[in-house]
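# Commentary on secondary and tertiary structure
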Amino acid sequence: MSTSFQPSVLQLARQRFFPGGVDNHTKSRVLVIQRKSGARSYLEHDVLVQQLAARPDTEVKVFTATGGLRDHMKIFHWADVVVGPHGAGFSNLIFCNRDAGVVEIGWDRVPPQTPMCMDNMYSRTAAALGLRYRLLLGSGGYDTPLSLPPPAVVVQVESLLEGHAERG
């Protein structure tokens with residue numbers, strides 16, 4: 001299955017909700033999407049959050065999909081980089097600032113080892129919105145937890161933050 005949105009529609013929706021420019025801030029802002037358990041949860045989530053929060057120039061928030069749509073809009077708009085395992089939380093990328101970064105953690109298994117191949121819907125959404133996107137493949141599958149050493153994720157987040165600072 002593949003989901004596709006027209007870039008002009010995504011850009012129009014983002015402009016409608018967030019017509020202003022990027023706000024100025026001194027610390028880098030990283031939003032980590034958390035799936036609590038089960039399919040496509042990220043086993044090293046807590047360690048990743050600790051490693052990112054240890055950076056003195058970085059503020060980290062965790063998105064747990066609680067609250068209403070306005071809450072989701074605000075927290076994704078706040079982020080310089082969004083990172084997390086493949087899942088519906090990435091549909092909120094539409095609310096990110098232009099030039100935000102995205103690190104999606106996917107899986108390395110293919111059918112018949114797992115019921116579904118990974119869709120590229122979020123990379124296409126990111127491209128349509130002008131977001132800088134990285135895909136990292138962890139071990140696991142569509143219906144299992146995902147595992148990937150946190151330092152591999154941190155390196156990609158740092159790279160996107162450096163690019164953000166150069167542009168900002």
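Refer to the structure above for everything that follows.
This section reports on the structure supplied with the text. (Residues numbered from 1 in each chain as written. Predicted model: local features only at pLDDT ≥ 70, side-chain atom pairs only at ≥ 80, totals over all residues. Heavy atoms only, no water.)

### Remarks on the side chain of glutamate 44
Along the polypeptide, glutamate 44 turns up in the loop between strand E1 (28-33) and helix H2 (45-53). Within the buried set, glutamate 44 has no salt-bridge partner at all; the shortest N-O distance to an opposite charge, 12 Å, is to arginine 109. Among the polar contacts made by the side chain of glutamate 44, one reaches the side chain of serine 147 at a distance of 2.6 Å. (Helix = DSSP H or I, 4+ residues; strand = E, 2+ residues; numbered from the N terminus. Buried < 20%, exposed > 50% of the residue type's maximum accessible area, 1.4 Å probe, protein only. Lys, Arg positive; Asp, Glu negative; His and termini not counted. Salt bridge = Lys/Arg side-chain N within 4 Å of Asp/Glu carboxyl O. Polar contact = N/O pair within 3.5 Å; in protein donor to acceptor, adjacent residues only side chain to side chain.)

### Considering the nonpolar core
With 23 residues, the main nonpolar core has Leu31, Phe76, Val82, Phe90, Leu93, Cys96 and Leu131 as its most contacted residues. Among the elements that line this core, the one with the most residues is helix H4 (residues 121-129), at five residues. Ranked by size, the runner-up nonpolar core spans 19 residues in total, among them Val83, Val153, Val154 and Val157. (Core = buried A, V, L, I, M, F, W, Y, C linked by side-chain atoms within 4.5 Å.)

### Describing unusual backbone geometry
In this structure, the amide linkage connecting proline 111 to the following residue, proline 112, adopts the cis form with an omega of 10°. In this fold, proline 112 is placed in the loop between strand E4 (101-107) and H4. Despite not being glycine, arginine 40 shows a phi value in the positive range, around 60°. Its location among the elements puts arginine 40 in the loop between E1 and H2. For aspartate 99, which is not a glycine, the phi torsion comes out positive at approximately 75°.

Distances and angles like these do not, on their own, reveal function.
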